[in-house]
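Each chain, written out:
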Amino acid sequence: MEKNIERKFLPIGTVVKIIGSEKKVMICGRQQRYSESEKIYDFIGCEYPLGLDGENVILFNVDQILMIYFLGYQDFDEIHQRLIILNNLDSVDKQNEEP
């Protein structure tokens, strides 16, 4: 669990700059599975300000974030959801390590 403490799960609506993208990306989901490889990514995002169109989604992990432009809305529900995500990280990491 020690490595998971370093992992940051940003709230939905956060706008970031990620490695390999010239455009800003808005986080619209967390712990998303890529269907072709079954790998689970920390975040799914869409180009900001274009929004989600169902085709051009961006899967990325927290270590790919270079800059945070805007931090999304946080309330009790967000904090509760973040705790659920953090409690499940060990099983997610184990699944991502499987061949």
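One can find the structure itself at the top, above this paragraph.
Rules behind the numbers
Residues numbered from 1 in each chain as written. Predicted model: local features only at pLDDT ≥ 70, side-chain atom pairs only at ≥ 80, totals over all residues. Heavy atoms only, no water. Helix = DSSP H or I, 4+ residues; strand = E, 2+ residues; numbered from the N terminus. Rg over C-alpha atoms; globule rule 2.2 N^0.38 Å. Buried < 20%, exposed > 50% of the residue type's maximum accessible area, 1.4 Å probe, protein only. Pairing = 2+ DSSP bridges. Axes fitted to C-alpha atoms, helices over the stretch in contact; angles between N-to-C directions. Contact = heavy atoms within 4.5 Å. Core = buried A, V, L, I, M, F, W, Y, C linked by side-chain atoms within 4.5 Å.

**Focus: the overall build of the protein chain**
Secondary structure assignment for the protein chain yields 3 helices and 5 strands. Secondary structure elements in the protein chain, listed N-terminal to C-terminal, are α-β-β-β-β-β-α-α. For the protein chain, the C-alpha radius of gyration of 13 Å lies close to 13 Å, the compact-globule estimate for 99 residues. The principal-axis extent of the C-alpha atoms belonging to the protein chain is close to 35 × 35 × 25 Å. For the protein chain, the residues scored as buried account for 33% of the 99 residues in total.

**A few points about the environment of Pro49**
Considering the arrangement of structural elements, one finds Pro49 in the loop between β3 (40-48) and β4 (57-60). On the accessibility criterion, Pro49 (68% relative accessible area) is exposed. For Pro49 and Gly72, which are 23 residues apart along the polypeptide, the C-alpha to C-alpha distance reads 14 Å.

**Topic: the sheet that holds β4**
Ordered in space as β4-β3-β2-β1-β5, the 5 strands form an open sheet in which the pairing is antiparallel. In the strand order of this sheet, the two ends are held by β4 and β5 (65-70), each with one partner. The sheet shows a mean angle of 45° between the axes of neighbouring strands, taken without regard to direction. Here 4 bridges tie β3 to β4, and the two strands are oriented antiparallel to one another. Bridge pairing in β4 links Cys46 to Val57.

**Looking at the environment of Val15**
Looking at where Val15 falls in the secondary structure, it is placed in strand β1 (residues 15-18). Residues Val15 and Glu55 lie 40 residues apart in sequence; the distance between their C-alpha atoms is 19 Å. Ignoring anything within four residues of it in the chain, the contact list for Val15 reads Lys24, Val25, Met26, Tyr48, Met67, Ile68, Tyr69 and Phe70.

**Remarks on the nonpolar core**
Looking at soluble globular proteins, one finds that nonpolar side chains tend to be buried together. Listed in full, the 12 residues of the largest apolar core are Phe9, Leu10, Val16, Ile18, Val25, Ile27, Phe43, Ile58, Phe60, Ile65, Ile85 and Leu89. Breaking this core down by element, the ones donating at least two residues are β1, β2 (24-33) and β4. Excluding anything up to four places from it in sequence, Ile58 contacts Ile18, Val25, Phe43, Ile44, Gly45, Cys46 and Glu47.

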